[in-house]
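Working through the structure, step by step
Residues per chain are reported as follows:
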Amino acid sequence: MADSAQVPALVYLVTGGCGFLGEHIVRMLLEWEPRLRELRVFDLHLSSWLEELKTGPVQVTAIQGDVTQAHEVAAAMAGSHVVIHTAGLVDVFGKASPETIHKVNVQGTQNVIDACVQTGTRLLVYTSSMEVVGPNVKGHPFYRGNEDTPYEAIHRHPYPCSKALAEQLVLEANGRKVNGGLPLVTCALRPTGIYGEGHQVMRDFYHQGLRFGGRLFRAIPASVEHGRVYVGNVAWMHILVARELEQRAALMGGQVYFCYDKSPYKSYEDFNMEFLSPCGLRLIGTHPLLPYWLLVLLAALNALLQWLLRPLVLYTPLLNPYTLAVANTTFTVSTNKAQRHFGYKPLFSWEESRARTIHWVQAMEGSAW
Ligand SMILES: NC(=O)c1ccc[n+]([C@@H]2O[C@H](COP(=O)([O-])OP(=O)(O)OC[C@H]3O[C@@H](n4cnc5c(N)ncnc54)[C@H](O)[C@@H]3O)[C@@H](O)[C@H]2O)c1
Ligand SMILES: CC(C)[C@@H](O)CC[C@@H](C)[C@H]1CC[C@H]2[C@@H]3[C@H](O)C=C4C[C@@H](O)CC[C@]4(C)[C@H]3CC[C@]12C
């Protein structure tokens, strides 16, 4: 008789399963979760690669749906044991309105919680974000902090506001009785800047460099440290939390964990060059080429242009007042809470994470390789 821990009996639901992080979670669940009987992938936009996953022993159910529609979430949730909720609008470039960001990220998360209660799904893992903490609007650095480091979390931008509200809903829902009378167990994971195969911002930087003859121009001082974490290790932490949450409910329920690995502390731009330099790009300047006040002016001009052009075209440059402020503020984590609470260790070393990401950039369409 197989160990019950190995019997494929569980139904997992992954919201946002076709996204950058979601795809890695979906693929790694199929590889690393032996208890999986059915994997439901819920997303507003289903991807074609899902079809190739339907030939394995685990039933993969693709569900096109909208987390803002409570009935669609409940229908997808019914009968599932675990929900990993990654669906969200990750928008700091002004692509969506503040109202839409709130509707998807906050109301959508409330719909997921309500569906757990309604259908009896007891385990909820939420993908939160470092930005629930900071950087704050005062530009205070968060230097190698942990989950208990005091920090004045003050947000005005719609995206971090929505992530903070959603995380609060998830943590407050821990212990609520679900259909059947047992308690809901929730947990929130806070990735810092995720990188790896499929990262759209990295793709944008690469194409920007190709447009400028293989050159990128330094805008941020090298001394500004930014925490980054490989997407495979973020996915792995989600899988471990989902696996351990029921047995360790008293310890892990209602807790938050930063996602971390051995990726080096560097400025955002220098870190990106770990992958873009081997692909032929150069970062020009050992110091920012433009004074900060001029960058602030250019960012403000971009914001004005976005507002003026909105009736005609969506203008969403990388540089805006918010992205400049975040890029220019040190935010790094140093913690082992996930290891202490559920035995997390990065599945991918820094060297592996770097090699995989470089390989992805090199294989990108239009690559200089
Ligand atoms: N990318 C990062 O650096 C990072 C860092 C920390 C936290 N996060 C969080 O991780 C999660 C995933 O982020 P990502 O980078 O993979 O983004 P992504 O945009 O690649 O993926 C989000 C997915 O959610 C889906 N989605 C959006 N609105 C939806 C809706 N109304 N209903 C159903 N599905 C919807 C999208 O179609 C997409 O597939 C988000 O919650 C984000 O806040 C991301
Ligand atoms: C144009 C320059 C100033 C350039 O350096 C701007 C970089 C900027 C686009 C990125 C710098 C920091 C990034 C954010 C950070 O990694 C963490 C995030 C949290 C996550 O939940 C969503 C993505 C993001 C907001 C990420 C977005 C891009 C940056 C702002």
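Residues numbered from 1 in each chain as written. Chains lettered and ligands numbered in written order. Predicted model: local features only at pLDDT ≥ 70, side-chain atom pairs only at ≥ 80, totals over all residues. Heavy atoms only, no water.

1. A closer look at the nonpolar core
One recurring pattern in soluble globular proteins is that nonpolar side chains are buried together. Ranked by internal contacts, the top residues of the largest apolar core, which has 75 residues, are Y12, L29, L39, I84, M237, L276 and F342. Counting residues per element, this core draws most heavily on helix α6 (residues 231–244), which supplies nine residues. Beyond its immediate chain neighbours, meaning those up to four positions away, I84 contacts Y12, L13, V14, T15, I25, L29, V125, H238 and A242. With 24 residues, the next largest nonpolar core counts V73, A76, A115 and A166 among its residues. (Core = buried A, V, L, I, M, F, W, Y, C linked by side-chain atoms within 4.5 Å. Buried < 20%, exposed > 50% of the residue type's maximum accessible area, 1.4 Å probe, protein only. Helix = DSSP H or I, 4+ residues; strand = E, 2+ residues; numbered from the N terminus. Contact = heavy atoms within 4.5 Å.)

2. As for the environment of L184
Counting through the fold element by element, L184 comes out in the loop between α4 (158–173) and β7 (185–191). Taking C-alpha positions, L184 is 5.6 Å from N174, a pair spaced 10 residues apart along the chain. Setting aside residues up to four positions removed in sequence, L184 forms contacts with I113, C116, T121, R122, L123, L124, A173, N174, G175, R176 and V178.

3. Considering the site of ligand 1
Neighbouring ligand 1 are 25 residues, the closest being F20, L21, D43, D66 and Y159. Within the contact set of ligand 1, an oxygen atom lies 2.9 Å away from a backbone nitrogen or oxygen of F20. The contact in question runs from an oxygen atom of ligand 1 to an N or O atom on the side chain of D43, over 2.6 Å. Its free accessible area being 820 Å², ligand 1 has 86% of it covered by the protein chains. Within the residue set of the shell around ligand 1, elements represented by two or more residues are α1 (20–32), α4 and β8 (193–195). Residues that form the shell around ligand 1 fall into these classes: 11 nonpolar, 11 polar and three charged. (Near = heavy atom within 4 Å. Polar contact = N/O pair within 3.5 Å; in protein donor to acceptor, adjacent residues only side chain to side chain. Areas by Shrake-Rupley, 256 points an atom, 1.4 Å probe, with all protein chains shown as cover. Nonpolar A, V, L, I, M, F, W, Y, C, P; charged D, E, K, R; others polar.)

4. Details of the site of ligand 2
Residues in close proximity to ligand 2 total 16 residues, the closest being V90, S129, E131, Y159 and E269. When ligand 2 is considered free in solution it has 630 Å² of accessible area, and contact with the protein chains removes 90% of it. Breaking the shell around ligand 2 down by element, the ones donating at least two residues are α8 (268–276) and α10 (321–327). The element that contributes the greatest number of residues to the shell around ligand 2 is α10, accounting for three residues. Residue composition of the shell around ligand 2, by class: 10 nonpolar, four polar and two charged.

5. Let's talk about the side chain of Q306
Locating Q306 in the fold gives a position in helix α9 (residues 292–309). Of the residues examined, Q306 reaches a relative accessible area of 14% and is grouped as buried. For Q306, the contacting residues outside a window of four places in its chain are F93, G94, Y315 and T316.

6. With respect to the UniProt feature "transmembrane region" (unreviewed entry) in the chain
Residues annotated in UniProt with the feature "transmembrane region" (unreviewed entry) correspond here to residues 289–309. The straight-line gap between the two end C-alpha atoms of residues 289–309 is 28 Å; of that span, 86% is helix and 0% is strand. (UniProt positions renumbered as here; feature names shortened; annotations may be inferred.)

7. Here we look at α8
Summarising burial for α8: nine of the nine residues are buried, a large majority. When we look at burial in α8, the residues that qualify are Y268, E269, D270, F271, N272, M273, E274, F275 and L276. Packing partners of the buried residues in α8 comprise β8, α5 (200–211), β9 (215–217), β10 (228–230), β12 (282–284) and α12 (350–362).

8. Observations concerning the sheet that holds strand β2 (residues 36–43)
Reading across from one edge, β3-β2-β1-β4-β5-β7-β11 is the order of the seven strands in this open sheet, with parallel pairing throughout. Strands with a single pairing partner mark the edges of an open sheet, and in this sheet they are β3 (59–64) and β11 (255–259). Taking each pair of neighbouring strands and ignoring which way they run, the sheet shows an average axis angle of 20 degrees. Bridge count between strand β5 (residues 123–127) and β7: five bridges; the pairing is parallel. Residue pairing in the sheet places L124 in a bridge with T186 of β7. Each of β1 (10–15), β2, β3 and β4 (82–85) touches helix α2 (residues 70–77); the most contacted strand, β2, lies at about 165 degrees to it. (Pairing = 2+ DSSP bridges. Axes fitted to C-alpha atoms, helices over the stretch in contact; angles between N-to-C directions.)

9. Considerations on the packing of α8 against α12
In a pair of packed helices, the angle between the axes and the distance between the axes together describe the arrangement. It is the contact of α8 with α12, at a shortest axis distance of 8 Å, that shows an interaxial angle of 70 degrees. With respect to each other, α8 and α12 are oriented roughly perpendicular. Contacts between α8 and α12 involve F271, E274, F275 and L276 from the former and W350, R354, T357, I358 and V361 from the latter. Taken together, the residues of the contact of α8 with α12 sort by class into six nonpolar, one polar and two charged. (Parallel < 35°, antiparallel > 145°, perpendicular 65-115°, else oblique.)

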